[in-house]
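Read off the chains here:
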Amino acid sequence: MSEWIKACNLEQVKEGQLFGFVHDDKKLLLANLKGKIHATDLICTHADADLSTGFLSDEGVRCPLHLSVFNLENGEPQNLPAEIPLKVYNVKIDDNEIYVEL
């Protein structure tokens, strides 16, 4: 059964920014790409790198370690060395608060 968790306030993830956080044992990433909030796993599937320290572009989030890019809509890696997709989570915004469905 899924649950919606409050991640943060909308102002904490301004357009073009990445925001990493931990809920219980779950490490999550929020990305604001062109005003749309996306949620994925925080850790790169290729190596133990924190994607919140990566780079956000139109293509997705780029890992700071080996530069793999992950599509924020479906989590799919766009280039090597990453081959395993990130898990993508549903997001909703209610009263300027961002919620993620786990």
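Relevant structure appears above.
Residues numbered from 1 in each chain as written. Predicted model: local features only at pLDDT ≥ 70, side-chain atom pairs only at ≥ 80, totals over all residues. Heavy atoms only, no water.

(A) Quick look at the nonpolar core. Membership of the largest hydrophobic core comes to 14 residues, with the highest contact counts inside it found for Leu29, Cys44, Leu51, Val61 and Phe70. Among the elements that line this core, the one with the most residues is strand 3 (residues 26–33), at 3 residues. Judged by nonpolar contacts, the second largest core, of 13 residues, contains Cys8, Phe19, Tyr89 and Val100. (Core = buried A, V, L, I, M, F, W, Y, C linked by side-chain atoms within 4.5 Å. Buried < 20%, exposed > 50% of the residue type's maximum accessible area, 1.4 Å probe, protein only. Helix = DSSP H or I, 4+ residues; strand = E, 2+ residues; numbered from the N terminus.)

(B) Seen up close, the packing of aromatic side chains. Summed over all chains, the structure comprises 1 aromatic pair. When the ring centre of Trp4 is taken as origin, the NZ or CZ atom of Lys92, which lies over that ring, is 4.6 Å away. A cation sits over an aromatic face here: Lys92 above Tyr99, 5.9 Å from the ring centre. (Phe/Tyr/Trp six-rings, centres within 6.5 Å; stacked < 30°, edge-to-face > 60°. Lys NZ or Arg CZ within 6 Å of the ring centre and 35° of its normal.)

(C) Spatial organisation of the pairing of strand 9 (residues 91–94). In terms of strand pairing, strand 9 meets strand 10 (residues 97–101) through 4 bridges, oriented antiparallel. Residue pairing across strands places Lys92 opposite Tyr99, the latter belonging to strand 10. Linking strand 9 to strand 10, which pair antiparallel, is a turn of 2 residues; within it Asp95 sits at a positive phi near 55°. (Pairing = 2+ DSSP bridges.)

(D) Structural context of the side chain of Ser68. Considering the arrangement of structural elements, one finds Ser68 in the loop between strand 6 (60–62) and strand 7 (69–70). In terms of polar contacts, Ser68 uses its side chain to reach the backbone carbonyl oxygen of Asn79, at 3.4 Å. Once residues within four sequence positions are removed from consideration, Ser68 is found in contact with Val61, Arg62, Cys63, Asn79, Leu80, Pro81 and Ala82. (Polar contact = N/O pair within 3.5 Å; in protein donor to acceptor, adjacent residues only side chain to side chain. Contact = heavy atoms within 4.5 Å.)

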